[in-house]
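Spelled out from the first residue to the last, the chains are:
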Amino acid sequence: MALAITFIFCIIAARLLYVQIAWGSDLKLRASDQWNREIPVIASRGIISDRNGVVLAGNQTTYSVFLRPNAVKDAEYTSAILGGIFSLDAQEILKKIEGGKISEVTVARQVGKESIEKLVAYNLSGVYYSRDNTRRYTYNEALCQVLGFTSSDGSGISGVEKFYNTVLGGTNGEITYTTDIVGIETEKPVVVYREAKAGDEIRLTIDMDIQLAAENAMKNVYNSSKAKSVSCVVLNPQNFDILAMVNYPSYDLNNVPRDDTDTLNLLSRNCIVSDIYEPGSTFKVVTAAANIEEHLRGNKKAFSNSYVFNGSRTRTVDGTKIKCWADHSNGRHQNQTLAEALNNSCNPCFTDIALSLGSENFYNYLSAFGFGNVTGLDFNGEALGMLVPQTAVRDCDLARIGFGQTIAVTGIQLACAIAAAVNGGNYYIPHLLKSIVSADGKTVSENEPVLKNKAISEEASAILGTMLEGVVTEGSGKHAYIEGYKVGGKTGTAQKYEDGHVASGKYVSSFAGFFPANKPEYLALIIVDEPQGTYYGSAVAAPVAKEIFEDIIRLKNIERYE
């Protein structure tokens, strides 16, 4: 009997120890939850600004209204008052009050100060309010696909708002006060206030002056060409800072079409990052870069800068005919150097280069220039692009890749690849974040450029830059020429495919331009999807780059080279 009593006593003691130690914290929380009620204090969301501190996304002070059914004294009266102030269905509010299943009901969010002043005047029992924030975007449509937007509770849904949501969101606080067991506030409640911690500021690499100039230029070409859509990215080739990013058509961030999901998904998509397309002749920059580098390394299969290509013919590779975009009658595109082939954008010359270098060597350069992989941009939803696996690539595929077919890229991939080709061969990870700044103005962190790899040598890059300057002064890129400034670039015109076949009359017109050509500080990639009428990149996209560059020259007071 003594042993039995001792055993039972040990079990009781063990249970008491478990309740006090292992379970104690949880029981304290449950008791606190029964005898206390909390009103959330929403943290002020961090602002988003451009590289110069210009506010792009900020906050407007608004309020959230809550209701605790157990604390309401007159349900019908309260429902009627709340319905009238906030334009809500009073009967629905009444059902929630009398339902008895919910301890707290959110009546309204993001309401203005005037409505709260009306509410306070009625002094309704069981009704509370707290401050929240309504996001406000300074420039409405501008940069909308990059900035993104937030949900009604202030969490990031897309864009930078989503990618850096943890940094921007801060930490909410609360006001706690004592109640009785059914949730009615006691006569002399004990009130405890826990302060909210505001979110940090995200400072972007975006230059809003350049962004607005690009927005204006892209809207102009969208309207004049009657295109399906247009996109543009402007970056600094020396560190891959993103200075501007435009997709049009767009939408108003202060009036997000939340009720039309299909339209919202279409307009909020950052096509430069998430969509892929066949680049066409702009890709010849990469092929030319690989050839120049291999020639400098002593590869006898590469062509020298003085080598004369016979471009005036149609090649048959693996039974597939490959021809140039131009009619080669009357000796057009015949007997030309690599520089002249870039000027003329002659397909057969770049077919020769790709086939001569071979799949293994050429694919090494494709990898070095970032194709077949994401760039690492700090943004959600970046696409990989499409690249035929090296193990499966045929000579006819390789030949077409040489001039920008049988490969699909994102705009950011191509812009970064061309930037690396002309900046001395340095491939950096592109980025939108410049720095993080705390609410009290102190810099938390600076985002330094990260060199990913060396794609080509400085010597090869300098040679290529000179050739691409020639494309603008003498070749297909003449519409991007600016007197007194060294502008380089490459045009592109690619056919579109639907259901595995060439879509009649549908093209993607593009131009990749940069300046100064000898040490580029600005690079712009212009993409015009399905322009009507004239569709060549030289006529549709190149003038847009010129317009943007001229605005940059004016905004930054850049002196003439001559």
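Below, the structure is looked at part by part. Along each chain, numbering runs from 1 in the same order as the chain's sequence is written. Restriction of local features to residues with pLDDT of at least 70 applies here, the model being predicted, together with a cutoff of 80 or more for giving and counting side-chain atom pairs; totals for whole chains, interfaces and linings are based on all residues. Only hydrogens and water are set aside; all other atoms, that is, all heavy atoms of the structure, feed into the side-chain values.

This part covers the overall build of the protein chain. Helix and strand labels come from DSSP, where a helix needs a run of H or I of at least four residues and a strand needs a run of E of at least two; each type is numbered from the N terminus. Each helix and strand counted, the protein chain has 20 helices and 22 strands in total. For 562 residues, the compact-globule estimate of 2.2 N^0.38 gives 24 Å, and the C-alpha radius of gyration of the protein chain, at 31 Å, exceeds that figure by more than 25%. Seen through its principal axes, the protein chain has C-alpha atoms that stretch 105 × 70 × 45 Å. For every residue, the accessible area (1.4 Å probe, protein chains only) is compared with the maximum for its type, and the residue is labelled buried under 20%, exposed over 50%, or partly exposed between those bounds. Burial status across the protein chain gives 51% buried among its 562 residues. Two residues qualify as a contact provided that any one of their heavy atoms is within 4.5 Å of a heavy atom in the partner residue. If you take every contact in the protein chain between residues at least 6 apart in sequence, the share linking residues at least 24 apart comes to 73%. Areas reported here follow the Shrake-Rupley algorithm with a probe of radius 1.4 Å; residue values treat only the protein chains shown as occluding. Carbon and sulfur atoms make up 49% of the accessible area of the protein chain, which amounts to about 26200 Å² in all. The globule rule used here is 2.2 Å times the number of residues to the 0.38 power, and the radius of gyration it is set against is calculated over C-alpha atoms.

Our next topic: helix 14 (residues 347-357). In terms of burial, helix 14 is a largely internal element, 9 of the 11 residues being buried. Buried within helix 14 are the following residues: N347, P348, C349, F350, T351, D352, I353, A354 and L357. Positive phi appears at G358, one or two residues downstream of helix 14, with a value of about 85°.

We call a set of buried Ala, Val, Leu, Ile, Met, Phe, Trp, Tyr and Cys residues a nonpolar core when their side-chain atoms join them within 4.5 Å. In terms of nonpolar packing, the biggest core is built from 97 residues, with I242, M245, F350, F369, F371 and L464 touching the most fellow members. A total of 10 residues in this core trace back to one element, the largest contributor, which is helix 17 (residues 411-422). Contacts of I242, omitting those with residues within four sequence positions, involve T205, I206, V233, V234, L235, L377, I412, P430, H431 and L432. Counting residues in hydrophobic clusters, the runner-up holds 34 residues, among them M218, V472, V487 and I552.

This paragraph deals with the layout of surface pockets. The computed volume of the largest pocket comes to approximately 800 Å³. If you go around the largest pocket, you meet 33 residues; those closest to its centre are D275, I276, Y277, K496 and D529. For the lining of the largest pocket, the class distribution of residues is 18 nonpolar, 7 polar and 8 charged. Using protein atoms alone on a 1 Å grid, points that fit a 1.4 Å probe yet trap it form a cavity, whereas open point sets bounded by protein on both sides within 12 Å along at least five of seven lines form a pocket; residues with an atom within 4 Å of a point count as lining. Grid points are joined across faces, edges and corners, and a volume is the space filled by probe spheres set on the points. Residue classes follow a fixed rule: Ala, Val, Leu, Ile, Met, Phe, Trp, Tyr, Cys and Pro count as nonpolar, while Asp, Glu, Lys and Arg count as charged, and any other residue, Gly among them, counts as polar.

Strand pairing requires that DSSP identify at least two bridges connecting the strands. Strands sit in the order 11-15-14 across an open sheet of 3 strands; the sheet is antiparallel. Each edge of the open sheet carries a strand with a single partner, namely strand 11 (276-277) and strand 14 (386-387). The sheet contact formed by strand 14 and strand 15 (residues 407-410) spans 2 bridges and is antiparallel. Pairing of M386 across the sheet is with A408, part of strand 15.

This next bit is on helix 15 (residues 359-368). Buried residues of helix 15: N361, F362, Y363, Y365, L366 and A368, and no others. Buried residues along helix 15 sit against helix 12 (284-296), helix 14, strand 14, helix 16 (395-401), strand 16 (426-428) and strand 19 (451-454). Positive phi appears at G370, one or two residues downstream of helix 15, with a value of about 90°.

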